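Given next are the chains, with one letter for each unit.
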Amino acid sequence: MKNLIHGQSYISPDCPIIGQDGQAVIVEDEKQVYDADICDMHMLFETKQQRHERIVKQYEKLLAEKESERQCPENSYNLRVFNYPHGQQLAYYTNAVAYHNKPHEKLERSFQNTERTESEREHCINVSLARTKNTIYNIARSHSWKWFVTFTFNRTKTDASDFKEIMRKMSRNMNNTQQRKCSNLKYIVVPELHMDKTNYHFHGLFAGCDELQFVFSGKFDRKSGRPIFNIPNWSWGFSTATLVDDCAAASSYICKYITKETEHYLFGQRRYLSNASKTEPEKHFVSNTKMEIVESVADDIRYMKELVIKEAHRKVTFIELPPDTVEITHETGDTELPDNLNEN
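Note that the coordinates shown come from a computational prediction; the quantities given were computed from them, not determined experimentally. (Residues numbered from 1 in each chain as written. Predicted model: local features only at pLDDT ≥ 70, side-chain atom pairs only at ≥ 80, totals over all residues. Heavy atoms only, no water.)

Brief notes about the overall build of the chain
Across its full length, the chain holds six helices and 16 strands. By the burial criterion, 34% of the 344 residues in the chain qualify as buried. Carbon and sulfur atoms make up 50% of the accessible area of the chain, which amounts to about 22,600 Å² in all. (Helix = DSSP H or I, 4+ residues; strand = E, 2+ residues; numbered from the N terminus. Buried < 20%, exposed > 50% of the residue type's maximum accessible area, 1.4 Å probe, protein only. Areas by Shrake-Rupley, 256 points an atom, 1.4 Å probe, with all protein chains shown as cover.)

Structural notes on the nonpolar core
Core analysis: the biggest nonpolar cluster contains 27 residues, and Trp147, Phe151, Met170, Phe206, Cys209 and Phe214 have the highest contact counts within it. Only strand 5 (147-151), helix 3 (163-180), strand 6 (186-193) and strand 7 (200-207) provide two or more residues apiece to this core. Counting residues per element, this core draws most heavily on helix 3, which supplies five residues. In this structure, Val190, Leu205, Cys255 and Tyr257 belong to the second largest nonpolar core, which totals 19 residues. (Core = buried A, V, L, I, M, F, W, Y, C linked by side-chain atoms within 4.5 Å.)

A few points about the pairing of strand 9 (residues 227-230)
For a regular strand, side-chain orientation follows a simple rule: the groups alternate between the two sheet faces. Note that strand 8 (residues 215-220) and strand 9 share four bridges and pair antiparallel. Bridging across to strand 9, Val215 finds its partner in Asn230. (Pairing = 2+ DSSP bridges.)

Observations regarding the environment of Ser217
Within the secondary structure layout, Ser217 lies in strand 8. Filtering out sequence-adjacent residues up to four positions away, Ser217 remains in contact with Ile228, Phe229 and Asn230. Side-chain polar atoms of Ser217 contact the backbone nitrogen of Lys219, separated by 3.3 Å. Within the local environment of Ser217, its side chain forms a polar contact with the backbone oxygen of Ile228, the two atoms lying 2.6 Å apart. (Contact = heavy atoms within 4.5 Å. Polar contact = N/O pair within 3.5 Å; in protein donor to acceptor, adjacent residues only side chain to side chain.)

Observations concerning the packing of aromatic side chains
Inspection of the entire model under this criterion finds 13 aromatic pairs. Ring centres 6.1 Å apart and planes at 65 degrees place the aromatic pair Phe153 and Phe202 in the edge-to-face group. Of this pair, Phe153 sits in the loop between strand 5 and helix 3 while Phe202 is found in strand 7, placing the two residues 49 residues apart along the sequence. An identical accessibility class is assigned to Phe153 and Phe202; each is buried. Here a set of aromatic residues connected by ring pairs shows up, and it is made of Trp147, Phe214, Phe216, Phe220 and Phe229. (Phe/Tyr/Trp six-rings, centres within 6.5 Å; stacked < 30°, edge-to-face > 60°.)

Concerning the side chain of Asn233
Turning to its location among the elements, Asn233 is positioned in the loop between strand 9 and strand 10 (239-243). The exposure class of Asn233 is buried, given its relative accessible area of 19%. At 2.8 Å, the side chain of Asn233 forms a polar contact with the side chain of Thr177. Apart from the residues within four sequence positions on either side, Asn233 is in contact with Asn173, Thr177, Lys181 and Leu212.

Describing the pairing of strand 13 (residues 303-309)
Note: strand 13 against strand 14 (residues 314-321), seven bridges, orientation antiparallel. By the bridge assignment, Glu306 is partnered in strand 14 with Thr317. Counted between consecutive antiparallel strands, the loop separating strand 13 from strand 14 contains four residues, among which His313 sits at a positive phi close to 55 degrees.

Concerning the sheet that holds strand 13
Each strand in a sheet pairs with its neighbour through backbone hydrogen bonds, running either in the same direction (parallel) or in the opposite one (antiparallel). With antiparallel pairing, five strands are arranged side by side in an open sheet as 12-3-4-14-13. The open sheet has two edge strands, strand 12 (282-284) and strand 13, and neither has a second partner. Across the sheet, the mean angle from the axis of one strand to that of its neighbour is 20 degrees, orientation sign disregarded. Across eight bridges, the pairing between strand 3 (residues 76-84) and strand 4 (residues 87-98) is antiparallel. (Axes fitted to C-alpha atoms, helices over the stretch in contact; angles between N-to-C directions.)

Here we look at the side chain of Gln89
Turning to its location among the elements, Gln89 is positioned in strand 4. With sequence-adjacent residues up to four places away left out, Gln89 is seen in contact with Arg80, Val81, Phe82, Tyr84, Tyr137, Phe318, Ile319 and Glu320.

Overview of unusual backbone geometry
Backbone geometry places Lys197, a non-glycine residue, at a positive phi of 60 degrees. Positive phi is not limited to glycine here, since Asp324 has a value of about 60 degrees. Structurally, the position occupied by Asp324 is in the loop between strand 14 and strand 15 (328-330). Judged by relative accessible area, Asp324 falls into the exposed class, the value being 66%.

So, helix 3
The terminal C-alpha atoms of helix 3 lie 26 Å apart, and with 18 residues this matches the ideal 26 Å at 1.5 Å per residue to within 8%. Buried within helix 3 we find Phe163, Ile166, Met167, Lys169, Met170, Asn173, Met174 and Thr177. All buried residues of helix 3 project into a common sector of 165 degrees when viewed along the axis, lining one side. Facing away from the buried side of helix 3, by more than 90 degrees, are the exposed residues Lys164, Gln179 and Arg180. Buried positions along helix 3 lie against strand 5, strand 6, strand 7 and strand 11 (273-274). (Expected span 1.5 Å × (residues − 1). Arc of directions from axis to C-beta.)

Dropping the structure here:
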């Protein structure tokens, strides 16, 4: 008698078929019954060769599943490439990010959610803060800036605590300057709350403003030693301007004025003014791992940072490189270029 599988029956070839009307008698050996699944019955009778072939097939199936995970899902990416004038930035995601190419429908807010918990409100503020800083950084990195400027308001002429009013005046001044004096003017300006926590002033970056007059103030910046200039065109108060010698550093510097505090006191307000375009990233799904990417560009890395996004259960690695360091190529056969990344 062979071993039996619990809950199943086995007809012994040595047992004659007996019973009424030719019904088979089912013989069970209760002493050797054990738990198993009917799908595993064949494993009781397979030879060593069959077992070897079964394990090899399971292993090949596992490899195929792993390979399919590395294939590009439809409308998704795990690498974004930003090609800026003064550098290239890679953003590698541990988990693929899905997206769609259809334009977003214009939605209207029909209600106000006033029942958010404190943690939910905090999450919304953090998301809004990150989105604002990313947009400002992208715009700033997308151009070659010449001047870093600061604008303050004469409080005897303007109520610098009225944010909407000073935003209106700043916007009007930028538009008039571009239309009347500097047709090629590119700018991005961000507000900052003064130390008195009441009044506002602006910091910004200028380019394409050779027609604009800059007058040396006779003073020098205490940290950098750069000469400080004034802008007579700014008639609403006091102004300063210094020459930019590192556009990437200036782009990061201007983002520091957008803080968590900013999101609280400028809730629902515009957080920057700009007429400059931003860089749209190239989106790819690459077969390379993060370590392979890092090793391939290790000698050229200027800066690298890893960010954990808990809500999305993924990590993002940002890698700063010289311009045109990485080129995405389609994989063909077994040929791989050592300095390139392979796109599926």
